[in-house]
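# Structural description and commentary
Here is how the chains run, residue by residue.
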Amino acid sequence: MKETPRLLAIPIKSIPPEGLRLEGAVTAAELEIPEDDRQACPEPFRFELLVTEVSGGVLAQGRLSGTMRCRCDRCLLYYTQNCSDISVCHDYPPPLGETVDLTDDVRDDILLAFPQRLLCSPECRGLCPECGQNLNVRECSCARGDDGESVWSALDALRLPDGAGGKPAGVARPAGRTPRRRSGDK
Ligand SMILES: [Zn+2]
Ligand SMILES: [Zn+2]
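Residues numbered from 1 in each chain as written. Chains lettered and ligands numbered in written order. Predicted model: local features only at pLDDT ≥ 70, side-chain atom pairs only at ≥ 80, totals over all residues.

## So, helix H1 (residues 103–113)
- Within the sequence span of H1, burial applies to Val106, Asp109 and Ile110. Viewed end-on, H1 has its buried residues packed into an arc of 95°, placing them on one side of the element. Every exposed residue of H1 that faces more than 90 degrees away from the buried side is listed here: Asp104, Leu111 and Leu112. (Buried ≥ 20, exposed ≤ 12 C-beta atoms within 10 Å, placed from the backbone. Helix = DSSP H or I, 4+ residues; strand = E, 2+ residues; numbered from the N terminus. Arc of directions from axis to C-beta.)

See below:
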């Protein structure tokens, strides 16, 4: 069993005048990066950092890179996302204690590099809402309206009582999209 010390907690005394070069790898678990079914980091993140003392404080600069296993939000298949060349630049002003701990900042740098929206490809067509067919693989025979139109067309088809009855609370139509049905038609 390998024991991993807090790699990124650096004793100030160990920083030579020319700076301390740190190279290594750190796992998501060591950084307490949350992992789940949607995204995980099966391999450690590699880091290359240069830590220098600057007028009583410490400056840490460098790069991180790694890969993530993600599940596409549209088609639900897994894919590998490269997170390469995440830049690191943190300044720790004095007064400092015995050590300077980069762990939290490195974790934040990695978390910020995670994509908010997980897509196997920007063109991913996702799954058919009717039959679940992966539309990247092949078409299905379900009838579908245009993407994008479907959400609003469902709302437009909603017939709300005009005038007297008032609208049910909580149903808001999107501004500018209200169909003109009131103008004394029929
Ligand atoms: Zn996809
Ligand atoms: Zn279908």
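## Overview of the confidence of the model for the protein
- When pLDDT is averaged along the protein, the result is 83, and 73% of the positions lie at 70 or above.
- The low-confidence segment residues 164–168 (pLDDT under 50) makes 1 contact with residues lying over four places distant or belonging to another chain.
- pLDDT under 50 marks residues 182–186. Its contacts with residues more than four places away, or in other chains, come to 1 contact. (pLDDT = per-residue confidence, 0-100. Contact = placed C-beta atoms within 7 Å.)

## Description of the environment of Cys70
- Tracing the chain through its elements places Cys70 in strand E5 (residues 57–71).
- Once the C-alpha coordinates of Cys70 and Asp37 are considered, the two residues, 33 residues apart in sequence, prove to be 8.0 Å apart.
- In contact with Cys70, other than residues within four places in its own chain, are Arg38, Gln39, Tyr78, Tyr79, Gln81 and Leu118.

## What to know about the pairing of E5
- Alignment of strand E3 (residues 39–40) against E5, held across 2 bridges, turns out to be antiparallel. If you follow Gln39 over to E5, its bridge partner there is Cys70.
- From the end of strand E4 (residues 45–54) to the start of E5, which pair antiparallel, there are 2 residues, and Ser55 there has a positive phi angle of about 35°.
- Pairing analysis gives 13 bridges linking E5 to strand E6 (residues 78–92), with the strands arranged antiparallel. Counted as the bridge partner of Leu64 is Ile86 from E6. (Pairing = 2+ DSSP bridges.)

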